[in-house]
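Below are the chains, spelled out letter by letter.
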Amino acid sequence: MLDQIKGLHHVTSMARDARQNNEFFTKKLGLRRVKKTVNFDAPDVYHLYYADEVGTPGSVMTYFPFPNIGKGRHGVGEVGTTICSVPEGTLAYWEKRFADEGVAGLSREESFGEKRLGFAGPDGDGFALVENKADTRTPWAKGDVPSDEAIRGFHSVSLRLKDGGATEELLKFMGYEEVDTSGTVKRLAVKNGNGANIVDIESLPGAAFADLGAGSVHHVAFAVENRAKQLEVRKALIDTGYQVTPVIDRDYFWAIYFRTPGGVLFEVATNEPGFDRDEDTAHLGEALKLPAQHQHLRPYLEQHLQKLEG
């Protein structure tokens, strides 16, 4: 069993409209945009990062807003719900805020003994807030949400799978342990993690497979401290039979990717070098940052990419 993985690093999803996406996460959710860059493989499309003040691993929601993308179809083989942690007693604040802001899909429920508020993102993305009194992480305090109510980071992701057994075994190999069960959902957690420690697996054998599109999670990334730890994880996965990509430089972290038995794309990302490698902390996410291979496109991109507030 591996011990290098410390929880979630980021979750990356698909969107249709960059301006709407930016407004939702910075205004309605009160997160900080910590990076405005482009998709390395499709540089005419933004890659937007939202998080706490510095982009701490375990707090980072990222998006590829493809202007002409079709709507995703939810099903099995995907991350069904991305769950964020908020302070105890704050769901009433969030429910009123979301209702006032016209956020769709509001639902109150309790899961694994935790109070949750479900809601939908602008493209039908599945989200929830969970009250977590044990979460001591520091939120972004200069956004549109007061720090006493603000999102602390990820709590968990919930995977919807036709058969969760093989993915459960993979997660256990990655250092997760089963900690609870509720109906058809198994909860796994990594000990001594970064606060974003939980992965839930929901088995839905009769459900149709998901289709990737706007509102879909593209991949979920797990955090390791550095490149040495990442290489250890990569070797262990390959030795177990997984097809793992070479290490890829994503400017703000190093990444490897592999497909899980249930169909979800997993990434293992380093905590280094961080989002302040090309911007000081006070100005994160303000300027358009381009990877070296796309710097020659700057005049075109600055003219054609949708203008964003902030």
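Predicted, not measured: the structure shown is a model, and the values here were computed from it.

Trainee: A description of the UniProt feature "domain: VOC" (unreviewed entry) in the protein chain should follow, citing residues and the corresponding values.
Mentor: Those places that UniProt annotates as "domain: VOC" (unreviewed entry) correspond, in this numbering, to residues 7-132 and 153-271. Here residues 7-132 is 17% helix and 47% strand, with 16 Å between the C-alpha atoms at its ends. With 19% helix and 42% strand, residues 153-271 has its two end C-alpha atoms placed 15 Å apart.

Trainee: Run through the sheet that holds strand E10 (residues 177-182), naming residues and quoting values.
Mentor: Taken in spatial order, the 8 strands make up an open sheet running E6-E7-E8-E5-E9-E12-E11-E10, and their pairing is mixed. The strands lining the two open edges of the sheet, one partner per strand, are strand E6 (107-111) and E10. Across the sheet, the mean angle from the axis of one strand to that of its neighbour is 25°, orientation sign disregarded. When E10 meets strand E11 (residues 185-189), the two strands line up antiparallel, connected through 5 bridges. The residue of E11 that forms the bridge with Asp 180 is Arg 187.

Trainee: How would you summarise the side chain of Thr 26 if you had to cite specific residues and measurements?
Mentor: Relative to the helices and strands, Thr 26 is located in helix H1 (residues 18-28). Within the structure, Thr 26 has its side chain in polar contact with the backbone oxygen of Asn 22 (distance 2.6 Å). For Thr 26, the residues in contact, after removing those within four places along its chain, are Leu 31, Arg 33, Tyr 50 and Asp 144.

Trainee: Got a sec to walk through the pattern of salt bridges? Specific residues and values, please.
Mentor: The final tally for this structure, using the stated rule, is 19 salt bridges. Note that Glu 309 and Lys 27 form a salt bridge whose closest N and O atoms lie 3.6 Å from each other. With Glu 309 in the segment after helix H5 (298-304) and Lys 27 in helix H1, the pair connects residues that are 282 residues apart, well separated along the chain. Accessibility expressed as a relative area gives 56% for Glu 309, which makes it exposed. Put simply, Lys 35 and Asp 278 hold a salt bridge, and the shortest N to O gap is 2.8 Å. In this pair, Lys 35 is assigned in strand E2 (residues 32-39) and Asp 278 in the loop between strand E16 (265-273) and H5, connecting sequence segments 243 residues apart.

Trainee: Could you give an account of the sheet that holds E2, with specific residues and numbers?
Mentor: Taken in spatial order, the 8 strands make up an open sheet running E2-E3-E4-E1-E13-E16-E15-E14, and their pairing is mixed. This sheet does not close on itself; its edge strands, each paired only once, are E2 and strand E14 (248-249).

Criteria and thresholds
- Residues take numbers from 1 onward in each chain, read along the sequence in its written order.
- Local features are withheld for residues below a pLDDT of 70 in this predicted model, meaning they are given only at 70 or higher, and side-chain atom pairs are given and counted only at 80 or more; totals for whole chains, interfaces and linings count all residues.
- Working from all heavy atoms in the structure, the side-chain values ignore hydrogens and water.
- UniProt positions are given in the numbering used here, feature names are shortened, and annotations may be inferred rather than shown by experiment.
- Secondary structure elements are defined from DSSP: runs of H or I of at least 4 residues count as helices, runs of E of at least 2 residues count as strands, and each element is numbered from the N terminus.
- Between any two strands, at least two bridges found by DSSP are needed for them to pair.
- Convention adopted: a line fitted to C-alpha atoms gives each axis, helices being fitted over their contacting stretch, and angles between N-to-C directions are expressed from 0 to 180 degrees.
- Pairs of N or O atoms are called polar contacts if they sit within 3.5 Å, as long as, within protein, a hydrogen donor faces a hydrogen acceptor (for residues adjacent in sequence, only side-chain-to-side-chain pairs).
- Two residues form a contact once any of their heavy atoms are found within 4.5 Å.
- Salt bridges are identified by distance alone: a Lys or Arg side-chain nitrogen within 4 Å of an Asp or Glu carboxyl oxygen.
- The buried label applies to any residue whose accessible area, calculated with a 1.4 Å probe on protein chains only, is under 20% of its type's maximum; exposed applies above 50%, and partly exposed to all values in between.

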